[in-house]
Amino acid sequence: MLVAMTATRASLRRVVATRNRLQLSRARTDKRDWVVKRRERTRQLIELGGLVAKAGLVELTDNDRAVLFGLLVEAAAKLRGDNRDQQLPLWRRRGKRAFDSNALSRAAIAPIAGGDG
């Protein structure tokens, strides 16, 4: 009896795992308009959060979300102000330089990580 129960539990676990894989597969390939939009928005939010982390703000603020939000609110206020035309290109240049610098440092590290030597 114990052997049969153990086998039944193992079988049930496999069935549940298979069902979960099937549901995840369906969710990834769901093409309904609202699902696609939600997926795009989720990706955008993840990317924006990555930019906050990449800028080092998480460490600099000790992961204080109120401070991070305050920084973003301050930036939005500056963009609503009279200096928008000067501030936006300045921030754009700084961001592009930071992206380029990061890409260059990754390119310099890539051959080492590849283990060619």
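Refer to the structure presented above.
Residues numbered from 1 in each chain as written. Predicted model: local features only at pLDDT ≥ 70, side-chain atom pairs only at ≥ 80, totals over all residues. Heavy atoms only, no water.

Caption draft 1: Representation of the layout of surface pockets in the model. Roughly 930 Å³ of internal volume is contained in the largest pocket. Lining the largest pocket are 22 residues, and of these Leu51, Ala55, Leu57, Trp91 and Gly95 sit closest to its centre. Contributions of two or more residues to the lining of the largest pocket are made by α2 (33–54), α4 (65–80) and α5 (84–114). When residues of the lining of the largest pocket are assigned to their parent elements, the largest contribution, 9 residues, is made by α5. In terms of residue class, the lining of the largest pocket is built from 14 nonpolar, 2 polar and 6 charged. (1 Å grid on protein atoms, 1.4 Å probe; cavity = no way out; pocket = protein on both sides within 12 Å on 5 of 7 lines; lining within 4 Å. Points joined across faces, edges and corners; volume = space filled by probe spheres on them. Helix = DSSP H or I, 4+ residues; strand = E, 2+ residues; numbered from the N terminus. Nonpolar A, V, L, I, M, F, W, Y, C, P; charged D, E, K, R; others polar.)

Caption draft 2: Up close: a nonpolar patch on the surface. A cluster of nonpolar residues, Leu45, Leu48, Leu51 and Phe99, forms a patch on the protein surface that exposes about 360 Å² of accessible area. When residues of the nonpolar patch are assigned to their parent elements, the largest contribution, 3 residues, is made by α2. Tracing the backbone through its elements, the reader meets leucine 51 in helix α2. (Patch = residues over 30% accessible without salt bridge, like charges linked within 9 Å, V, L, I, M, F, W, Y side chains within 5 Å. Areas by Shrake-Rupley, 256 points an atom, 1.4 Å probe, with all protein chains shown as cover. Salt bridge = Lys/Arg side-chain N within 4 Å of Asp/Glu carboxyl O.)

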